[in-house]
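# Descriptive analysis of the structure
Residues per chain are reported as follows:
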Amino acid sequence: MTPGGGDRNVMFRSDTASLHRSSHAEVDDMADAATDCFPVTDLFTQFKGRDDVLLIPHIGGRYADIVGFHDPGLEPVVEIYSDWGRFEWLLQDALRAGYKVGVVSNSDGHKGRPGASHPGASTFGAYGGLTCVLAESLTREAVFEAIRARRCYGVSAAQRIHVEVSVNGLPMGAEGRATGPVRVVGRAAGTGPLERIDVLRGLEILQTVSPYTAASYAGSSRYRIAWAGSRVRGRDRLTRWDGSLELSAGRILDAEPFAMENPEKGITRRTEQRLEWISNTTGDDDGVDVTLEAPAGAVLRFRTPVIDLDVPLADLADGATRVVPAGGVDLRAFMRRLPTRDFTRELSFDVTDPTPLAGACSAYWLRVTQEDGAQAWTSPVYLTAG
């Protein structure tokens, strides 16, 4: 349970391992009750000093509390995405606390199909993720050591997005010192057109790299109306967005779901002025992409149980994403005009941080976002300036 530290995935490098339960509440055989480890600090003690086991703070029905419970020697990475949804806030917790961790994505779809973990009913509303590992060889030992070294990154929806990055010449997950400006260089190759790459220092976006210019949106009549986030961090995080979009003037020519991976979700009704849908999020994105024939003065009337908005179409003309926070855990609505040209599956970047924080250890990492909503998050490179 979260008050005792929350869920952890326990990985062993060898075939020899011992089971330490957090509870015997649902186990009749009490013969091994003396080996239980609760709270999770007891598990830390059990494995202390070992280099053949690692723990991954996990977000499931019971989310991991890494602010109150963290062992840097045993927990080199945290989970950022799974069938349960998107949990970028766990990495943010770690960075605020000054931890040095990498990121992974998992499935946890309870289906035994890693890499093909389709969303299901109830709280499994997302398509399970994958972790990309930069290892010396395709062996258990090499993969294990690469994860321990944070040479890994996570992707959503099992999309094999390729990401390369170096920070002042250091690879993903490394640590070092910076005596001057910090240079972040690399590229991303998507499984579909790329919307943007956010280059971050800690919780701050240093620069967003995008293939689009003002000309990319000329003549576009397509718009994305989307929403994301969760109510809370725990099991009841699922947020219902069943709602509607009404166009004050003009016509809705076409509409299709955006990032709605669960077959139970989608558009339920459409007229020339109005859309209705069924949707829920557990940290992930949902939305609709619409094609409009409408005057510049038209207004989009967005209605959901979470938030109601009236957005003038003219406010979206430049292609910039308009974000409206809605409370909860990163609950938000966001809207943008969609481009008509300059689509690309590959983006390179060369970003310089001219003024790294003196005396501080900063985490430099990437968030890659595709036009279809799929994302990748890299393990940070940690540099101490000065």
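Look up: the structure comes first, before these words.
Residues numbered from 1 in each chain as written. Predicted model: local features only at pLDDT ≥ 70, side-chain atom pairs only at ≥ 80, totals over all residues. Heavy atoms only, no water.

### Looking at the nonpolar core
Residues Val167, Val184, Ile197, Leu366 and Val368 are the most contacted members of the largest nonpolar core, which totals 53 residues. Once you skip the residues sitting within four places of it in the chain, Leu366 turns out to touch Val163, Val165, Val184, Ile197, Asp198, Val199, Leu200, Phe349, Ala376, Trp377 and Thr378. (Core = buried A, V, L, I, M, F, W, Y, C linked by side-chain atoms within 4.5 Å. Buried < 20%, exposed > 50% of the residue type's maximum accessible area, 1.4 Å probe, protein only. Contact = heavy atoms within 4.5 Å.)

### Some words on the sheet that holds strand β5 (residues 102-105)
Ordered in space as β4-β3-β5, the three strands form an open sheet in which the pairing is mixed. The sheet is open, and its two borders are formed by β4 (85-86) and β5, each paired with just one other strand. As defined by bridge partners, strand β3 (residues 77-82) adjoins β4 across two bridges and the pair is classed as antiparallel. Bridge pairing in β4 places Tyr81 opposite Arg86. Relative to β3, helix α2 (residues 88-96) is tilted by about 160°, and along the sheet it contacts β3, β4 and β5. (Pairing = 2+ DSSP bridges. Helix = DSSP H or I, 4+ residues; strand = E, 2+ residues; numbered from the N terminus. Axes fitted to C-alpha atoms, helices over the stretch in contact; angles between N-to-C directions.)

### Focus on the side chain of Ser220
Within the secondary structure, Ser220 sits in the loop between β13 (204-209) and β14 (222-230). Since its relative accessible area comes to 5%, Ser220 is described here as buried. Excluding anything up to four places from it in sequence, Ser220 contacts Arg337, Leu338 and Thr340.

### Considerations on the pairing of strand β18 (residues 266-270)
Sheet topology places β18 next to strand β19 (residues 274-278); four bridges connect them, and they run antiparallel. Paired with Arg270 across the two strands is Leu275, which belongs to β19. Between β18 and β19, which follow one another and run antiparallel, lie three residues.

Everything listed is a geometric property; what it means functionally is a separate question.
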